[in-house]
Amino acid sequence: MVMAPRKPRPHRDMLMDSVFALVFVLVACVELCDAATVVDVYRLIQYDISGVPFGSRLASLNHHAASLHFSPHSDLSRSVLLIPLRELNISFVKEYISESKPLGGLIFLLPQMFSFEKKGGVGSNHQDESTELLKNVLAELEQILIHANLPYPVYFAFEDDTLDAVLTDIKKNDASGQPATATTGGYKFVVSAAEPKKVVSPPISNIQGWLAGLKTDDSAQQLPTIAIVASYDTFGAAPALSVGSDSNGSGAVALLEVARLFSLLYSNPKTRGQYNLLFGLTSGGPYNYNGTRKWLRSLDQRLRESIDYAICLNSIGSWENELWVHVSKPPENAYVKQIMEDFSGVAEELGFKVNLKHKKINISNPRVAWEHEQFSRLRVTAATLSELPTAPELLESTGGLVDSRHFVNEAAVIRSVKLIAESLARHIYGHEGKNIQIFADNSSLAVNPSYVRSWLDLFSQTSRVAPFFSKDDPFIASLKKELEEHTDEVNVHRDVLDGIFTFYDSTRAKLNIYQVASVTFDLLLLLVLGSYLIVLFSFLVITTRGLDDLISIFRRPPSRKVKTA
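Reading the values: the criteria
- Residues numbered from 1 in each chain as written.
- Predicted model: local features only at pLDDT ≥ 70, side-chain atom pairs only at ≥ 80, totals over all residues.
- Heavy atoms only, no water.
- Pairing = 2+ DSSP bridges.
- Helix = DSSP H or I, 4+ residues; strand = E, 2+ residues; numbered from the N terminus.
- Buried < 20%, exposed > 50% of the residue type's maximum accessible area, 1.4 Å probe, protein only.
- Lys, Arg positive; Asp, Glu negative; His and termini not counted.
- Salt bridge = Lys/Arg side-chain N within 4 Å of Asp/Glu carboxyl O.
- Contact = heavy atoms within 4.5 Å.
- Right-handed = clockwise from strand over helix to strand, strands pointing away.
- Axes fitted to C-alpha atoms, helices over the stretch in contact; angles between N-to-C directions.
- Left-handed = near helix turned anticlockwise from the far one by under 90°.
- Nonpolar A, V, L, I, M, F, W, Y, C, P; charged D, E, K, R; others polar.
- Phe/Tyr/Trp six-rings, centres within 6.5 Å; stacked < 30°, edge-to-face > 60°.
- Arc of directions from axis to C-beta.
- Polar contact = N/O pair within 3.5 Å; in protein donor to acceptor, adjacent residues only side chain to side chain.

Engineer: Teacher, can you tell me more about the sheet that holds strand β3 (residues 52–56) here?
Structural biologist: Think of a sheet as strands paired side by side through backbone hydrogen bonds, with each pair either parallel or antiparallel. The strand order across the open sheet formed by four strands is β7-β3-β2-β18, and the pairing between neighbours is mixed. One side of each edge strand has no neighbouring strand; the edge strands of this open sheet are β7 (149–150) and β18 (501–503).

Engineer: How do you make sense of the side chain of Asp342 when you look at a structure like this?
Structural biologist: Its place among the elements puts Asp342 in helix α8 (residues 334–350). For the buried Asp342, no salt bridge is present, and the opposite-charge side chain at shortest range is Arg426, 7.7 Å distant. Beyond its immediate chain neighbours, meaning those up to four positions away, Asp342 contacts Tyr309, Ser423, His427 and Glu432.

Engineer: For this particular structure, what's the right way to read the pairing of strand β15 (residues 353–358)?
Structural biologist: A regular strand carries its side chains on alternate faces of the sheet. With six bridges connecting them, strand β14 (residues 322–327) and β15 associate as parallel partners. Counterpart to His326 in the pairing with β15 is Lys357. The parallel pair β14 and β15, bridged by α8, forms a crossover whose chirality is right-handed.

Engineer: How should the packing of helix α5 (residues 245–266) against helix α11 (residues 449–459) be read in this particular structure?
Structural biologist: With their axes 9 Å apart at the nearest point, α5 and α11 run at an angle of 145° to one another. α11 is crossed by α5, and the crossing has right-handed handedness. Listed contacts from α11 to Ser245, Gly249, Ser250, Ala252, Val253, Leu256, Glu257 and Arg260 of α5 are Tyr451, Val452, Trp455, Leu456 and Phe459. Residues belonging to the contact of α5 with α11 are distributed by class as follows: eight nonpolar, three polar and two charged.

Engineer: I keep staring at the environment of Phe352 and nothing clicks. Help me out?
Structural biologist: As for its placement among the helices and strands, Phe352 is situated in the loop between α8 and β15. Taking C-alpha positions, Phe352 is 8.1 Å from Glu320, a pair spaced 32 residues apart along the chain. Among all residues touching Phe352, those that are not within four sequence positions of it are Trp319, Asn321, Leu323, Ala347, Arg415 and Leu419.

Engineer: What am I meant to see in the environment of Lys94 here?
Structural biologist: Mapped onto the secondary structure, Lys94 falls in helix α2 (residues 90–98). Here Lys94 falls in the partly exposed class, since its relative accessible area comes to 40%. Placed 54 residues apart in sequence, Lys94 and Ala148 show a C-alpha to C-alpha distance of 9.9 Å. In this structure, Lys94 is in contact with Glu140 and Ile144, ignoring residues within four places of it in sequence.

Engineer: Help me out: how do you make sense of the packing of aromatic side chains in this one?
Structural biologist: Aromatic ring pairs are defined here through the distance separating the ring centres and the angle between the ring planes. Enumeration according to the criterion identifies 21 aromatic pairs in this entry. Their ring planes at 65° and their centres at 6.1 Å tell us that Tyr42 and Phe158 sit as a pair that is edge-to-face. Of the two residues, Tyr42 sits in strand β1 (residues 35–43) while Phe158 sits in strand β8 (residues 154–158), which places them 116 residues apart along the sequence. On the accessibility criterion, Tyr42 (6% relative accessible area) is buried. With relative accessibility at 11%, the residue Phe158 sits in the buried group. A ring pair is formed by Phe114 and Phe407, whose centres lie 5.6 Å apart and whose planes are at 35°; its orientation type is tilted. Placement of Phe114 in the loop between β6 (105–110) and α3 (129–146) and of Phe407 in the loop between β16 (382–386) and α10 (410–428) is noted, with a sequence separation of 293 residues between them. Each member of the pair, Phe114 together with Phe407, is buried. Ring pairs connect the aromatic residues Tyr47, Phe54, Phe235, Tyr287, Phe468, Phe501 and Phe503, which therefore count as one cluster.

Engineer: I would appreciate a short explanation of α11 in the present structure.
Structural biologist: Residues lying three or four places apart along an α-helix face the same way, a consequence of the helix completing one turn every 3.6 residues. Listed as buried for α11 are Tyr451, Val452, Trp455, Leu456 and Phe459. The buried residues of α11 occupy an angular sector of 130° when projected down its axis, which confines them to one face. Contacts from the buried residues of α11 go to α5, α10 and α12 (474–486). The backbone nitrogen of Ser450 lies 3.0 Å from a side-chain oxygen of the residue at the head of α11, namely Asn448.

Engineer: So what exactly am I meant to see when it comes to the pattern of salt bridges here?
Structural biologist: Side chains carrying opposite charge are able to pair once their charged atoms draw close together. Scanning the model with the defined rule gives 19 salt bridges in all. The shortest N-O distance in the salt bridge between Glu95 and Lys101 comes to 2.6 Å. Note that Glu257 and Arg260 form a salt bridge whose closest N and O atoms lie 2.7 Å from each other. Taken together, the residues span about one helical turn, with Glu257 and Arg260 both in helix α5 at a distance of three residues. Taking the relative accessible area as the measure of exposure, Glu257 reaches 0% and is therefore buried. By relative accessible area, Arg260 is classed as buried at 14%.

Engineer: Can you help me understand the sheet that holds strand β13 (residues 307–314) in this one?
Structural biologist: Taking strand neighbours across the sheet as the criterion, the eight strands line up as β15-β14-β16-β13-β11-β12-β10-β17 in an open arrangement whose pairing is mixed. Only two strands of the sheet have a single partner each, and these edge strands are β15 and β17 (488–496). Each strand of the sheet is rotated relative to its neighbour by a mean of 20°, with strand direction disregarded. Sitting on the sheet, α10 is in contact with β11 (225–231), β12 (276–282), β13, β14, β15 and β16, with an inclination near 165° to β11.

As structure tokens, this is what we get:
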């Protein structure tokens with residue numbers, strides 16, 4: 001039996017074609033308003049000091065974009081200013097912050113030289129004028145931002161071709177007197193982020209290693225100890241970008257190299273000195289050296305009492321002709337005199353100068369300017385070796401956006417290592433005042449530039465703001481493993497950062513940049529779509545049911561009274 005062929009269904013096919021056309025139009029509309037790009041942004045730090053709020057207090061963002069070319073009469077309360085560092089006027093930022101002018105948000109565009117992901121940038125002290133100017137502007141901007149209370153989101157991003165093109169378009173709109181609004185269109189910046197929460201019990205990890213001295217038959221008492229200490233963490237306006245290549249990556253790298261050099265000497269009983277060497281990598285440096293205090297108190301009392309003196313290393317990667325030794329005890333102190341004599345003699349041979357700076361501790365003041373002051377408060381003689389001639393203010397010179405690998409001179413770190421190692425060795429082996437180079441260049445005990453460079457690179461690619469640094473972070477494990485390679489009895493002392501600081505999370509995000517059409521375009525599009533749907537509906541009703549059914553849809557129904565009658 002042959003079945004008759006099925007008749008075509010023209011109305012259904014026509015309906016499907018119409019639906020597909022409508023979907024295509026809708027997709028086209030969505031594409032017109034799709035994200036132009038997505039970029040990484042880094043949020044300004046949010047923290048409290050004794051309950052007083054500082055930094056950016058919001059994280060989410062959903063506003064139209066504007067540039068510094070906005071009209072003087074513009075309302076920026078619903079706008080995000082995209083500001084390149086190269087065009088920044090510090091007076092503008094100070095004015096808006098000091099006068100609490102309304103803003104939707106701020107995004108600062110930084111040159112790639114400040115990126116911690118920038119590879120191959122070997123530091124030098126000789127920078128051109130434009131680079132030095134940018135450094136100074138960014139350093140001043142950081143200090144303004146971290147000491148202000150900003151009720152809107154503030155982010156940092158790095159220059160690239162996409163953002164440059166977006167900024168160019170925004171400038172054109174602003175210059176034409178038509179900034180981005182709901183009626184004119186333009187660009188919209190969106191950051192979807194949860195409300196920042198307090199960081200509960202932020203961890204700190206102190207790492208220590210030990211090289212035991214050689215006891216002779218007639219030395220029944222405990223051998224004296226020399227401690228070499230460096231804080232390894234940092235602080236900056238954007239925690240996710242604060243790598244602190246100089247402060248205090250340079251100090252921590254120098255400590256690792258000094259430990260490596262003395263491990264070679266102490267591995268042979270014939271060259272092992274009659275001093276114990278204690279190496280400490282401490283956390284919480286920017287916050288009154290909170291970790292150093294807790295680490296010292298965790299040490300056995302006999303060990304602490306055996307310390308002749310401690311040398312603390314801080315910011316030794318950006319200097320040329322002189323270093324400073326900061327002490328709390330008077331210069332007449334026997335150990336202070338010893339430290340200065342050893343350092344001065346070696347420095348003179350190496351062709352630079354070491355100066356002494358004495359500042360007494362005010363016990364009633366909880367502020368700790370230098371790491372050695374935590375030792376001095378426990379009556380242990382200590383000194384800080386630094387390129388800084390004066391004590392920095394709280395949260396100043398503790399790393400930050402300007403402290404990147406590009407600006408650290410590894411030759412300065414190497415000279416610092418030579419100074420420390422030679423001075424300690426001459427004291428340990430009784431060669432004070434003698435021109436004997438134990439760590440001479442091209443010898444088996446020479447400072448290894450490749451070792452210094454590789455660790456500087458690693459520090460410069462790792463953000464190390466303590467409250468956002470997990471106790472199980474791979475970087476801490478790497479430091480512990482490295483100390484285990486060169487010292488004995490390595491252990492990690494874990495504690496909690498306490499004191500007057502409270503920190504909040506949400507340090508990085510994704511910025512979605514949308515190119516949006518004006519409301520006029522939206523209304524026109526709505527009109528076209530509405531007309532299309534009405535025509536389509538009318539056509540389908542007429543072809544399937546007839547014109548009378550279409551008219552009846554729009555005919556006024558009879559009143560209830562007529563129906564009742």
